[in-house]
Amino acid sequence: MQLRRALGHLLRPTWRRCVAAALLYTATAHLGAVIFYAIEGGEERARAVAFQEQLQQRRELVEAALVNDTTARAALDALVSQLDEYANSKQSAPNPDALNWSFGGSLFFVLTIMTTIGYGTFVPYTLAGEVLVVVFGLVGLAVSGACLTVLADGLDKARGGP
């Protein structure tokens, strides 16, 4: 009974609804992140590995052509370093060691979809991922709106509003 009195404000229906809304929002975001991670994570890794293999093959072909020309080889090494630096700064060169579609990256992506921010820092590679963006955007926006309504109502009641 003392616990109920001490936590009485948390047990009121308004606070329970607010907590339930926050849990619903969190669960929706995490579910979306798991789905996007499962769909996109493997595809991104495969593309990154294939890109790195192609890059290595091309580099070996160019180096084989320049075996005896040390000046041209030094210029090539400098050019490749500059291109690598540029590509990595623009996130246009996939790197198997720094993937966007990790669980954290997927959660970030889902939250940008749910809040309609849509930074565009990375996008789905697969058709299933592209379709899921539309579906999850609609569901996520509805969940976001419902949760914000419940939380706003709870805050209004907490400050003594109607």
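For the structure itself, consult the block above.
Because the structure is predicted, anything quoted here is derived from the model rather than measured. (Residues numbered from 1 in each chain as written. Predicted model: local features only at pLDDT ≥ 70, side-chain atom pairs only at ≥ 80, totals over all residues. Heavy atoms only, no water.)

Engineer: Is there a simple way to explain the overall build of the chain in this structure?
Structural biologist: What the chain contains, in helices and strands, is 6 helices and 0 strands. Residue burial in the chain is summarised as follows: out of 162 residues, 25% are buried. The contacts in the chain between residues at least 6 apart in sequence include a share of 72% that link residues at least 24 apart. Of the roughly 10,900 Å² of accessible surface on the chain, a fraction of 64% belongs to carbon and sulfur atoms. (Helix = DSSP H or I, 4+ residues; strand = E, 2+ residues; numbered from the N terminus. Buried < 20%, exposed > 50% of the residue type's maximum accessible area, 1.4 Å probe, protein only. Contact = heavy atoms within 4.5 Å. Areas by Shrake-Rupley, 256 points an atom, 1.4 Å probe, with all protein chains shown as cover.)

Engineer: What is the right way to look at helix α5 (residues 103-114) in this model?
Structural biologist: Within an α-helix, residues lying three or four positions from one another point in the same direction, as the helix has 3.6 residues per turn. The end-to-end C-alpha distance of α5 is 16 Å, a good match for the 16 Å that 12 residues give at a rise of 1.5 Å each. Of the residues making up α5, those classed as buried are Gly105, Ser106, Leu107, Phe109, Val110, Thr112, Ile113 and Met114. Phi for Thr116, located one or two positions after α5, is positive at around 60 degrees. (Expected span 1.5 Å × (residues − 1).)

Engineer: Would you explain the packing of aromatic side chains in this entry?
Structural biologist: Two aromatic rings are characterised by how far apart their centres lie and by the angle between their planes. In this structure the tally under the stated criterion is 7 aromatic pairs. Note on Phe36 and Trp101: the rings are 5.9 Å apart at their centroids and 20 degrees apart in plane angle, and the pair reads as stacked. One end of the pair, Phe36, is in helix α3 (residues 13-65); the other, Trp101, is in the loop between α4 (70-89) and α5, with 65 residues separating them in the sequence. When the ring of Trp101 is compared with that of Phe122, the centres are 4.9 Å apart and the planes differ by 85 degrees; the resulting orientation is edge-to-face. Note that Trp101 is positioned in the loop between α4 and α5 and Phe122 in the loop between α5 and α6 (127-158), a separation of 21 residues in sequence. In this pair, the class of Trp101 matches that of Phe122, namely buried. (Phe/Tyr/Trp six-rings, centres within 6.5 Å; stacked < 30°, edge-to-face > 60°.)

Engineer: Just to check I follow, could you spell out the environment of Leu155 for this structure?
Structural biologist: The topology assignment puts Leu155 in helix α6. For Leu155, a relative accessible area of 57% puts it in the exposed group. Considered as a pair, Leu155 and Cys18 are 137 residues apart in the sequence and their alpha carbons are 8.9 Å apart.

Engineer: In this structure, what is going on with a nonpolar patch on the surface? I would like to understand it.
Structural biologist: Residues Leu127, Val131, Val135 and Val139 make up a contiguous nonpolar surface patch of roughly 370 Å² in combined accessible area. Among the structural elements, Val135 can be located in helix α6. (Patch = residues over 30% accessible without salt bridge, like charges linked within 9 Å, V, L, I, M, F, W, Y side chains within 5 Å. Salt bridge = Lys/Arg side-chain N within 4 Å of Asp/Glu carboxyl O.)

Engineer: Would you mind going over the nonpolar core with me for this structure?
Structural biologist: Within soluble globular proteins, side chains that are nonpolar tend to cluster in buried spots. Core analysis: the largest hydrophobic core is formed by 17 residues, its most contacted members being Ala29, Phe36, Trp101, Phe109, Val110, Met114 and Phe136. Residues within four places of Phe136 in sequence aside, it is in contact with Thr28, Gly32, Phe36, Val110, Ile113, Met114 and Leu141. (Core = buried A, V, L, I, M, F, W, Y, C linked by side-chain atoms within 4.5 Å.)

Engineer: Would you mind going over the pattern of salt bridges with me for this structure?
Structural biologist: Side chains that differ in charge, positive against negative, can pair when their charged atoms come close. Applying the stated criterion across every chain, the model contains 2 salt bridges. Between Asp153 and Arg17 there is a salt bridge, with its nearest N and O atoms 3.5 Å apart. Of this pair, Asp153 sits in helix α6 while Arg17 is found in helix α3, placing the two residues 136 residues apart along the sequence.

Engineer: Help me understand the state of the cysteines in this model?
Structural biologist: As used in these notes, a disulfide is a covalent bond between sulfur atoms, one from each of two cysteines. Summed over the entire model, instances satisfying the criterion amount to 0 disulfides. Cysteine Cys18 remains unbridged, with the sulfur of Cys147 as its closest cysteine sulfur at 10.0 Å. (Disulfide = S-S within 2.5 Å.)

Engineer: What is the right way to read the environment of Leu24 from this model?
Structural biologist: Mapped onto the elements of the fold, Leu24 is located in helix α3. Sequence separation between Leu24 and Ser144 is 120 residues; the distance between their C-alpha atoms is 9.2 Å. Excluding residues within four positions of it along the chain, Leu24 makes contact with Val143 and Cys147.

The quantities given are spatial measurements derived from coordinates; they are silent on function.
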